[in-house]
Amino acid sequence: MDIVVKGRKTEVPERFRKHVAEKLNPEKIQKLDSKVISLDVEVSKEHNPRQADRSDRVEITLHSRGPVIRAEAAAGDPYAALDLATSKLEARLRKQHDKRFTRRGNGRLSAAEVPTAVPGVAQMNGNGALATGERQDEIPTTKVGPLEVRGEGPLVVREKVHKAAPMPLDQALYQMELVGHDFYLFVDSETKRPSVVYRRHAYDYGVIQLENDPLAGSEAGGAGGALGG
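Basis of the calculations
Residues numbered from 1 in each chain as written. Predicted model: local features only at pLDDT ≥ 70, side-chain atom pairs only at ≥ 80, totals over all residues. Heavy atoms only, no water. Helix = DSSP H or I, 4+ residues; strand = E, 2+ residues; numbered from the N terminus. Contact = heavy atoms within 4.5 Å. Areas by Shrake-Rupley, 256 points an atom, 1.4 Å probe, with all protein chains shown as cover. Buried < 20%, exposed > 50% of the residue type's maximum accessible area, 1.4 Å probe, protein only. Pairing = 2+ DSSP bridges. Phe/Tyr/Trp six-rings, centres within 6.5 Å; stacked < 30°, edge-to-face > 60°.

Draft legend 1. View of the overall build of the protein. Scanning the protein for helices and strands turns up 5 helices and 9 strands. Counted over contacts in the protein with a minimum sequence separation of 6, partners at least 24 positions apart contribute 47%. Carbon together with sulfur atoms contributes 51% to the accessible area of the protein, which is approximately 15,000 Å² in total.

Draft legend 2. Here's a closer look at the pairing of strand β2 (residues 36-45). Of all 10 residues in β2, 7 are buried, a share of seventy percent or more. Looking at chain direction, β2 and strand β3 (residues 56-64) are connected through 9 bridges and run antiparallel. Note on β3: the bridge partner recorded for Val36 is Ser64.

Draft legend 3. Region of interest: the packing of aromatic side chains. If you walk through the whole model with that rule in mind, you get 1 aromatic pair. Between Phe16 and Tyr79 the ring centres are 5.2 Å apart and the planes differ by 80°, which places this aromatic pair in the edge-to-face class. Of this pair, Phe16 sits in helix α1 (residues 14-23) while Tyr79 sits in helix α3 (residues 78-102), placing them 63 residues apart in sequence. Take Tyr79: its relative accessible area is 27%, and that puts it in the partly exposed class.

Here's what the structure looks like:
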């Protein structure tokens, strides 16, 4: 199993690289997923003084012959962030490992069964909003060309392209839980439409599908709004 450690706009010391190799024990990970091929560990640094307690971010991406599993965390130093991200990764690997055995011979889970099979997928506050545990202070907004940048910058634009085969809705929900995100983009194997599944309130889920409208004008609208409702 290959472990690749890289820094995004920051240097990664050799001492930390060795710590990553010790922390991400290949034998332990391969017991949970024998199909694992490689692990990518990306370290980034936030220079905004307001976020000193979350200045170091570590993102771990596990590539295997199965689905990609990702875990990320931020803390006041890269070692603490790595510990948090590793714990999340191992928890998701155990969840996948357990599902692989409980679902064997039983077919796929339906969308209605996912909330029962995956408890605790989202923590909500009393208003029904996703509870982050963080206080959102007023953040200044700056206009940079056609974009609005919140905070003191710098402006960071990330673009990722993923190859994926069409899949049914219940599989998209399962993949969303594995990567630990609140939404998941996919192509619906039944409708052949680009789609996104996302968390709504408590254990409810929503799905948005795009359909080409040949009569639509050049102005963008509709699908560019917020996920909700």
